[in-house]
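Architecture and fold: a report
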There are 2 protein chains.
Amino acid sequence: MNGKVKIGLMGLGTVGTGVVRLVESFQEDLFKQTGSSLEISRILIKNPDKKRSIYVHPDKLTTNPDDLIYDDEIEVVIEVMGGIEPARTYILEAFENGKHVVTANKDLLAAHGDELLRKAAEKGCDLFYEASVAGGIPILKTVVEGFSSDRITQIMGIVNGTTNYILTKMTQEGLPFEQVLREAQELGYAEPDPTSDVEGLDAARKMAILATLGFHVGMKWDDVACKGISEVTQEDIRYGKQLGYTMKLIGIAKRDDDCVEVSVEPTFVANSHPIANVNDVFNAVYVYGEAVGETMFYGPGAGELPTATAVLSDLVTVVKNSKLGINGREMAFPYHEKRLKSPEQIFAKYFVRLIVQDESGVLARIAKLMAENEISLEKVLQEPYGKEDAELIIVTHSASKASIERFLEEVQEFHIVKELKSCYRVEGGE
Amino acid sequence: MNGKVKIGLMGLGTVGTGVVRLVESFQEDLFKQTGSSLEISRILIKNPDKKRSIYVHPDKLTTNPDDLIYDDEIEVVIEVMGGIEPARTYILEAFENGKHVVTANKDLLAAHGDELLRKAAEKGCDLFYEASVAGGIPILKTVVEGFSSDRITQIMGIVNGTTNYILTKMTQEGLPFEQVLREAQELGYAEPDPTSDVEGLDAARKMAILATLGFHVGMKWDDVACKGISEVTQEDIRYGKQLGYTMKLIGIAKRDDDCVEVSVEPTFVANSHPIANVNDVFNAVYVYGEAVGETMFYGPGAGELPTATAVLSDLVTVVKNSKLGINGREMAFPYHEKRLKSPEQIFAKYFVRLIVQDESGVLARIAKLMAENEISLEKVLQEPYGKEDAELIIVTHSASKASIERFLEEVQEFHIVKELKSCYRVEGGE
């Protein structure tokens, strides 16, 4: 790349507009960082008649993607259209024409990241997507650069601000899920249709992207075992508190030997763990590397400015790489074969809450069933429940997911067990 | 810089040895990142006869610094000798000869950072020193790059692992300072002479470096108001717990308008603040930027491997910058004039613990004296103390340091006040 680098922008919505503004405002700073001046020379839009909040010279606007993809002067394409198609096709064509790509497209990365990364590597192009995960935290850059000579074994994250806000309010104010969700919607922290956030799908996409990068394995969003927070109750949260835990929607990506597990589910985190204190709309990603040990990055999860800033930061990296002649080399190419752990290989501590008949020998029978399933107890809490029953809360030592599932099935066949109220994964603590 | 970059290394102690090892082990990775192969061509040592844990070709070793400083082929000097002199002179001479410098020398940076940064800028050279602060957290890089288009207004850090370990044990196990210090010394977490850690001097040096970088002001370590942890008692910690606070040795750098305050002192942190949960030898740096908002970086504070890794990461940046032709541009040149806040301009909440005569009207008199000093109360806790006295704990709303100091002086003149037990700054919470 020479003194001037030309950029094609696909999409001129909120993020696209932010990118145009930042490139204009920070010309001098960008030159200081890259030694080049950057110019957005073409912008792909859908509707040329739409009113826009910024002025862009009409000659730059086009509705034809080929005006970007086949323009030899354009060296980098920024894709902020969103959606799977046609974004996927455009990006693949851009690689075919030797262009580097920066995208903020979480859905696309989580569904086709593997394919895109392979094509980029094949063509010696860069593909960066910092803005797709936890906008305000430069986590992807850190995973790639900070751990480049380390082996990451675990990534644990609060990567969805909406659900973290809801759980924080439920915990601090003792309000039920539905009420807090309504309030979050009124404040604009939750969408009118909150499914993608509340059911953990958004978090699952981000965890798939993080796991792909951290473990060099092509993980897709449907490889992620995913459970949302809509069934979390005040009782669960209260009992958790009593036992020293905070309820969080936690994404976990772990690898042991060459097998990987990735999940998103409501989880009790020991209060002593740094991630337990991450509240409101904040995000945090905790990374464990064999050499470096524990690190955590905390910051705002999203927002227009952080997202556009993340895109710009990727753009700077691409331009630098190009001058250094190292494009396509820093890529987290998913070179390991994907091998997902079976439920027998996934180990964790679990919190189980049961309503049982309050009679002697109940705990003994349940404990025996746990032992038969190779589950041992760490903590037990029993409280009266109504006149004749008791509420029994058990925290196990580390056990396989398969054992826990078997135990939960079998324990419900006991006539002394009235109801299985809940079961959550437990993280942190000794 | 061409295909091969030659490096001079000053010092072959623990960190120097680590650097030599890493450069050898990660040749391929370094090439991938920089597009160049890196070679340590000369090493400055004190004693040629000393036995070393790695083999280095004897021709590379020298006791004459000029063999590095005046070698035209050497483009980067890594200084890991430690100490102020002769390191300072060597680095200045290296800049005179157009060489870039990477150093891990915290003492030197905190005492002469301003001078070194100015000389580097004058000569168009890079000076990087990530390893001097919180080895395992790439905090300097983040402050420079992540906040390059933002304005940092506050940096708050736990930047000394030894004192954090001691305070964590005191808090969790209820043991007195002296005992925990002895144990820490036995475990190797504290030095035989623990003064630099325990009295906050090490933390003060790191905060001076962070403030210089974050605020573009030439801060020295003796600009930092510094108090250690040797007088923190179990009673303080217990009362703090009762009020929802955790005791930490906190470095604070704040700017308002163009005035700056930097301090290191034992501080009560509200349990809801993410930094309150940073325990054991871990470090964390919390940065508040006007655009990005709150971010925090958490990780291991020191260690041989993290320190050498940080040196290598700086080295990669220097080599990249050189190829991009942007050396000396990313520097945090201290271009603002240094204006320290007066005690009238430093505002915080304070925790004050007094032993008072247990008679009616005592609290009223003390509250009146506070009001006269423009201090208002947020929390009060009173408990019996012996037969005739009471222990009075007050947490104030935000007040100036000058007011608090005046109040503490005047309150001790009251005959009803038997003893001023302690006074700590309070951070976090509403």
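In case you missed it, the structure is sitting above this.
Read on for a plain summary of the structure. (Residues numbered from 1 in each chain as written. Chains lettered and ligands numbered in written order. Predicted model: local features only at pLDDT ≥ 70, side-chain atom pairs only at ≥ 80, totals over all residues. Heavy atoms only, no water.)

**Description of the packing of aromatic side chains**
- All chains considered together, the criterion is met by 13 aromatic pairs over all chains.
- Plain terms: the ring middles of Tyr-165 of chain A and Tyr-189 of chain A are 4.7 Å apart, the flat faces sit at 70° to each other, and that makes the pair edge-to-face. In this pair, Tyr-165 of chain A sits in helix H7 (residues 161–173) while Tyr-189 of chain A sits in the loop between helix H8 (177–187) and helix H9 (195–198), placing the two residues 24 residues apart along the sequence.
- Its relative accessible area of 7% is what places Tyr-165 of chain A among the buried residues.
- Where Phe-268 of chain A meets Phe-351 of chain A, the ring centres are 4.5 Å apart and the plane angle is 50°; that geometry is what we call tilted. Taken as a pair, Phe-268 of chain A in strand S10 (residues 259–270) and Phe-351 of chain A in strand S13 (residues 347–357) lie far apart in primary sequence, 83 residues in all. One exposure class covers both Phe-268 of chain A and Phe-351 of chain A, and it is buried.
- Put simply, the rings of Tyr-245, Phe-268, Phe-351 and Tyr-424 of chain A touch in pairs and so form one group of aromatic residues.
- Directly above the aromatic system of Trp-221 of chain B lies the positively charged group of Arg-205 of chain B, at a separation of 5.6 Å from the ring centroid.
- In this arrangement the basic side chain of Arg-365 of chain B is found over the ring face of Phe-414 of chain B, its NZ or CZ atom lying 4.5 Å from the centre. (Phe/Tyr/Trp six-rings, centres within 6.5 Å; stacked < 30°, edge-to-face > 60°. Helix = DSSP H or I, 4+ residues; strand = E, 2+ residues; numbered from the N terminus. Buried < 20%, exposed > 50% of the residue type's maximum accessible area, 1.4 Å probe, protein only. Lys NZ or Arg CZ within 6 Å of the ring centre and 35° of its normal.)

**Some thoughts on the relation of the copies chain A and chain B**
- When chain A is fitted onto chain B, the two copies agree to an RMSD of 0.1 Å after a turn of 180° and an axial shift of 0.0 Å. Those values place the two copies in the arrangement expected of a two-fold rotation axis. It is Phe-297 of chain A whose C-alpha, among those of chain A, lies nearest the rotation axis, at 2.5 Å. (Least-squares fit on C-alpha atoms with pLDDT ≥ 70 in both.)

**Let's talk about the packing of helix H13 (residues 362–372) of chain A against helix H14 (residues 401–411) of chain A**
Residue and element names in this part refer to chain A.
- For the pair H13 and H14, the least separation of the axes is 9 Å and the interaxial angle reads 145°. Between H13 and H14 the crossing geometry is right-handed. Across the interface between the two elements, Ile-366, Leu-369 and Met-370 from H13 touch Phe-407, Glu-410 and Val-411 from H14.
- Residues belonging to the contact of H13 with H14 are distributed by class as follows: five nonpolar, no polar and one charged. (Axes fitted to C-alpha atoms, helices over the stretch in contact; angles between N-to-C directions. Left-handed = near helix turned anticlockwise from the far one by under 90°. Contact = heavy atoms within 4.5 Å. Nonpolar A, V, L, I, M, F, W, Y, C, P; charged D, E, K, R; others polar.)

**Regarding the nonpolar core**
- In this structure, Ile-139 and Ile-166 of chain A together with Ile-139 and Ile-166 of chain B are the most contacted members of the largest nonpolar core, which totals 154 residues.
- Core analysis: the next-biggest nonpolar cluster, separate from the first, contains 30 residues, Val-19, Val-20, Ile-78 and Leu-312 of chain B among them. (Core = buried A, V, L, I, M, F, W, Y, C linked by side-chain atoms within 4.5 Å.)

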